[in-house]
Amino acid sequence: MADVTIFCFFASYTVAFALDVLRLKKPNRTTWMVSVGIAAAGFVAHTLFLLNSADKGREELLPPLLSSSQDWTLVLAWLVVGFHLFLTCCDRALSVGVFLFPLVLGLIGSSYFLADEPSQLLNAAESARRGWTMLHVSSLAIGSAGVLAGIVLSLMYLLQHRRLRQKGSSATGLKLPSLERLSRMNWWSVMVSVPLLTVGMGTGLVLLLSGSTGGRELSLGDPVVIINGISWLGLMGLFGWILLTPRATGKQLAWRTLLACGFLLVTVVGLNVLASRSPGFSGHASATPRGPHSGLVEAGDRS
Amino acid sequence: MNLQVIYCNHQTASLDIRERLAFTGEEQLADAYTQLRNRFPKSEAVVLSTCNRVELYTAQDNDAAAPTHDELAGFLSNFHGVPVEEFLGDLLQHSGSEAVGHLFRVCSSIDSMVLGEPQIVSQVKEAYRQAEANEACGPLTNALFQCAIRVSKRVRSETRLAEGRVSIASVAVGEFARGIFDRFDDKTVLVIGAGEMAEETLQYLQDDGVRDVLVVNRNPERARELAAEWGGHGFGMDRLAELLPGADVIVAATGADQPIVDVEMFSRARDGQRDRPVFVLDLGAPRDVAPEVAGLDDNVFLYDVDDLQETCERNRKSRSQEIVQALSIIENESERFMQDVYHRATGPIVKRLREQWSDVSQAEMDRLRSKLSHLGDDDIGQVEQTVARIVNKLLHPPLEALRDEARDGTPHGLLDALRRLFHIRD
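Rules used throughout
- Residues numbered from 1 in each chain as written.
- Chains lettered and ligands numbered in written order.
- Predicted model: local features only at pLDDT ≥ 70, side-chain atom pairs only at ≥ 80, totals over all residues.
- Heavy atoms only, no water.
- Helix = DSSP H or I, 4+ residues; strand = E, 2+ residues; numbered from the N terminus.
- Buried < 20%, exposed > 50% of the residue type's maximum accessible area, 1.4 Å probe, protein only.
- Contact = heavy atoms within 4.5 Å.
- Areas by Shrake-Rupley, 256 points an atom, 1.4 Å probe, with all protein chains shown as cover.
- Pairing = 2+ DSSP bridges.
- Axes fitted to C-alpha atoms, helices over the stretch in contact; angles between N-to-C directions.
- Arc of directions from axis to C-beta.
- Polar contact = N/O pair within 3.5 Å; in protein donor to acceptor, adjacent residues only side chain to side chain.
- Right-handed = clockwise from strand over helix to strand, strands pointing away.

(A) View of the overall build of chain A. Within chain A one finds ten helices and zero strands. Counting the 303 residues in chain A, one finds 53% classified as buried. Restricting the contact set of chain A to residue pairs at least 6 apart, pairs at least 24 apart contribute 79%. Surface summary for chain A: the accessible area is close to 12700 Å², and the carbon and sulfur share equals 69%.

What follows is the structure, encoded as structure tokens:
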């Protein structure tokens, strides 16, 4: 169990992705079963890896599974794979893997560039703040999973919409849910993820203002804080539009979700990677070599 | 004896051409039959015009009187005011056994967009009924169409062609509407037209859970009748514009020769709800919904019969085994029908020959009776039976030869020989 590496489940997901792509051309039950089997095997390996990380985290009195930026990204990928397995088992015909696996592989790939050391922020947190920190990182993780789901659902909606407008049959190639269902799922993904992200960012702000920053100098003018703030404002705009518009569905919702969530994803992941790989990135980096504070955890902290 | 068909269908011609060549309504058909009778007085004719095909069958006893392909194309051109060069390439022709096989395939739905669809049989029956009402058909077309209906029954009962999704509406809803909507029990369905196709569509939609059904028709009574059957509401065509905005699914299946839903009407219906998807299925040919409606906004999903081609082709491939079996039945039936037709062509000669020999034997018997007056009735009866047997035995070889020859076509040479040998006059 201790020998499980990131490569194990990364390779499993890559093969499952390739089989899902193959299924687009030649759909058959055997390919589906092999694909789901390999993805499930990867999911088990992924789970074991995270549990190992959690054990390591506990020794250092850190929240399980979320002790480092790398763990945090891997937890996010784990949630997405779980979502994929759930959807695939609910409807065998759906081609969800084609959309979700690239995200999963991207997240796991980016985790290579993120710090796997325990967060200084979490080290610095007193035991009384542990609950706040836990709420902060877990709401950000689930909220981010919702953002990813929003991106994928929007993409699926736009593809299905395009195909139907071009009179293409939905019985061949990509098997996608109906526009109505995609729109409804998209609506819920935004409804769930935005409040959770807000809670995550809000608690991060509380932690920041209460001084549990691991001795670093942070300010509201920090570029990372500003960019994350703008992304969050974009999502809040989308959230407000959905709440205020009686028929916030369809292509408009898909595009807006794609833009808002996509921007958030790109900026957050980009900032994480930059913060981890470039010690000089952002004003405080000198105090955080190789960015143990990086990731959405940190982004939330700074906002 | 000649049978032929010229036709264009969903495989050879686009909907644009088909709708221009279509015969819509009884008045237009009556006019067409009048013109056909005037142009080709010695020909029987049947016009079959559906959303997928326009076919003109002609038949005549005398091959020389048969209208040519160009003459029939010229008739279509003049009647519809469409230049010949615009559709000549889309027009196919069959004659003799090929024409018979074609009608059998059409009637058995092998040639339909949706394999196994049942509507074509009633469309063929209706086409023949119209021809009969307009006194355009005759014994040959009668035999042909009766046989086609019988063959279609045989194909449906002896193969599994009519199983599964077998209507255009079911294919369209299954392939496209299900890509748009998750469920139908909370949708409003508006059906324009109250014919067989509309009924078929309603049946399928209700199986899919539709509850709110609205039917509009030129005849409001008929609309109300049909709607009542499905627990819906029926209206006259004057309420169409008012009902359009509330509909999620619109199915148009009328025989109108002009679009019933134009861009202006639909645009007004979309005011204030352009973010709401609407599925429009136009099963009419000519089309009932102006094609430009699809461009009004991103949430209008308009499909006409030609948009279902790809799906129907897949449906066809998946049932290729059934097609092989059906084609085998059709081939046998076509052969048998043609033998009957050819045999029927020899009928007058055979009849004359029998009459002639019977007359000769009767005359000889009369002469014998007057010469041998002492013979009793029993003896005369015995002699008559003997003579009749001799006549039949003598006639048997030539008639057998005639029957054999008629298997492969009308035996013109043998018929001429018999006429000359036995001095038979037509």
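(B) Layout of the sheet that holds strand S1 (residues 2–9) of chain B. All names here are of chain B. Pairing is antiparallel across the open sheet formed by four strands, whose spatial order is S2-S3-S1-S4. Since the sheet does not close on itself, it has two edges, and those belong to strand S2 (44–49) and strand S4 (92–95), each with one partner. Taking each pair of neighbouring strands and ignoring which way they run, the sheet shows an average axis angle of 15°. Bridge count for S1 against strand S3 (residues 53–60) is eight bridges, and the pairing is antiparallel. From the neighbouring strand, Gln-4 faces S3, where its bridge partner is Thr-58.

(C) How the structure looks around helix H9 (residues 220–229) of chain B. Residues and elements named next belong to chain B. The set of residues buried in H9 consists of Ala-223, Leu-226 and Ala-227. Buried residues of H9, seen end-on, are gathered within an arc of 100° and therefore sit on one face of the element. Structurally, H9 contributes buried residues whose contacts are with helix H8 (196–207), strand S6 (212–217) and strand S7 (233–236). If you check the start of H9, you find a side-chain oxygen 3.0 Å away from the backbone N of Glu-221, and it comes from Asn-219. Gly-231, located one to two residues past H9, shows a positive phi value of around 70°.

(D) Quick peek at the pairing of S6(B). All names here are of chain B. Of all six residues in S6, five are buried; the element is thus mostly enclosed. Here strand S5 (residues 188–192) pairs with S6 via five bridges, running parallel. For Ile-192, the partnering residue across the bridge sits in S6 and is Val-216. Crossover S5 to S6 through H8 is right-handed. For S6 and S7, the ladder comprises four bridges, and the chain directions are parallel. By the bridge assignment, Val-215 is partnered in S7 with Gly-234.

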